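A structural walkthrough
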Amino acid sequence: MTEEVPQNLEMRVLEIIKGAFRSREVLDAERPDDVPPLDDDRALLQNLTEVMERQGMILAHLSIVPSTRAELMTRLPGMANRVPAWLDARLEGNRPMTWRLFMQGLAQIQSEHREAIERVVAEQVEEVGEIEEALAEAPVPAGTSGEVRRDLMSGVFRVMTAHTKALVDIAYDLETQLRG
């Protein structure tokens, strides 16, 4: 049995990513009672983390090679809970989340996503030119403590945009192939 493709898969991808951004008030309404209210910075951090989570899930769902899909469905969900920079901070005594540490963690997630995107593109995309170009124009920051904060932040945001474009392009290619 094959899955039915929505009318416009690319728009669905964008809607899912856009849905990651929720107001501080909405986030506060959803938080458990024992968790303190979020300030605007923490709300932004949560929204950016949710974007990364959604990008990983979308990629796993767009993969049509069964073994790749199974691997990505196992590996990508919950990646924010396993990112090395953030785990190290917890192990070192719950070090506070700074912007630098947060961006290092996002860069590490993006590195995993980039590898997975390149794999899915190689396995199933017919027209790879635009995707490869977008990815080449947005190299993933190393996510190390030696990077200049401004470069790290701008790099993370460029990659976030490039990965969104790649997901939309993968969706378009998949939709095109399925409609034949």
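First, a word on scope: everything that follows refers to the structure included in this document. (Residues numbered from 1 in each chain as written. Predicted model: local features only at pLDDT ≥ 70, side-chain atom pairs only at ≥ 80, totals over all residues. Heavy atoms only, no water.)

1. Looking at the overall build of the protein chain
Within the protein chain one finds 8 helices and 0 strands. The helix and strand sequence of the protein chain, counted from the amino end, reads α-α-α-α-α-α-α-α. Expected size for 180 residues packed as a compact globule is a radius of gyration near 16 Å; at 17 Å, the protein chain falls within 12% of this value. For the protein chain, the spread of C-alpha atoms along the principal axes amounts to about 55 × 40 × 25 Å. Counted over contacts in the protein chain with a minimum sequence separation of 6, partners at least 24 positions apart contribute 73%. On the protein chain, roughly 10,200 Å² of surface is accessible, and the fraction owed to carbon and sulfur atoms is 54%. Within the protein chain, one finds 20 positive and 32 negative side-chain charges whose respective centroids are separated by 5 Å. (Helix = DSSP H or I, 4+ residues; strand = E, 2+ residues; numbered from the N terminus. Rg over C-alpha atoms; globule rule 2.2 N^0.38 Å. Contact = heavy atoms within 4.5 Å. Areas by Shrake-Rupley, 256 points an atom, 1.4 Å probe, with all protein chains shown as cover. Lys, Arg positive; Asp, Glu negative; His and termini not counted. Charge placed at Lys NZ, Arg CZ, Asp CG, Glu CD.)

2. Quick word on the packing of aromatic side chains
The relative placement of two aromatic rings is captured by the distance of their centres and the angle of their planes. The final tally for this structure, using the stated rule, is 2 aromatic pairs. Ring geometry for W99 and F102: centres 6.3 Å apart, planes at 85°, overall edge-to-face. With a gap of 3 residues between them, W99 and F102 both fall in helix α6 (residues 99–124), about one helical turn apart. Among the residues examined, F102 registers a relative accessible area of 2% and is labelled buried. A network of ring pairs unites the aromatic residues W86, W99 and F102 as a single cluster. (Phe/Tyr/Trp six-rings, centres within 6.5 Å; stacked < 30°, edge-to-face > 60°. Buried < 20%, exposed > 50% of the residue type's maximum accessible area, 1.4 Å probe, protein only.)

3. Focus on the nonpolar core
V13, L59, L62, W86, L106, I109 and I170 are the most contacted members of the largest nonpolar core, which has 42 residues in total. Contributing elements (two or more residues each) for this core: α1 (9–18), α3 (40–62), α5 (84–91), α6, α7 (129–136) and α8 (149–179). At 10 residues, the largest contribution of residues to this core is made by α6. Residues in contact with W86, not counting those within four places in the same chain, are T49, A80, M97, L101, F102, G105, L106 and I109. (Core = buried A, V, L, I, M, F, W, Y, C linked by side-chain atoms within 4.5 Å.)

4. Overview of the side chain of Q55
Its location among the elements puts Q55 in helix α3. Residue classification places Q55 among the buried residues on the basis of a relative accessible area of 2%. A polar contact is formed between the side chain of Q55 and the backbone oxygen of M160, at a distance of 3.2 Å. The contacts of Q55, once residues within four sequence positions are left out, are I17, H113, M160, H163, T164 and L167. (Polar contact = N/O pair within 3.5 Å; in protein donor to acceptor, adjacent residues only side chain to side chain.)

5. Comments concerning α8
For α8, spanning 31 residues, the distance from its first C-alpha to its last is 45 Å, which sits close to the expected 45 Å at 1.5 Å a residue. Following α8 by one or two positions, G180 adopts a phi angle in the positive range, close to 50°. (Expected span 1.5 Å × (residues − 1).)

6. Some remarks on the pattern of salt bridges
Under the definition given, this model contains 15 salt bridges. Between D40 and R24 there is a salt bridge whose closest N-O contact spans 2.9 Å. Of this pair, D40 sits in helix α3 while R24 sits in helix α2 (residues 24–30), and the two are 16 residues apart along the sequence. According to the relative accessible area criterion, D40 is exposed, its value standing at 56%. Of the residues examined, R24 reaches a relative accessible area of 29% and is grouped as partly exposed. Between R75 and E112 there is a salt bridge, with its nearest N and O atoms 3.5 Å apart. A residue pair is termed long-range when its members are at least 10 positions apart, and R75 in helix α4 (residues 66–75) and E112 in helix α6 qualify at 37 residues. Looking at E112, the relative accessible area reads 31%, which means it is partly exposed. Through salt bridges that share partners, E71, R75, E112, E115, R119 and E123 make up one connected network. (Salt bridge = Lys/Arg side-chain N within 4 Å of Asp/Glu carboxyl O.)

Keep in mind these values describe shape, not function.
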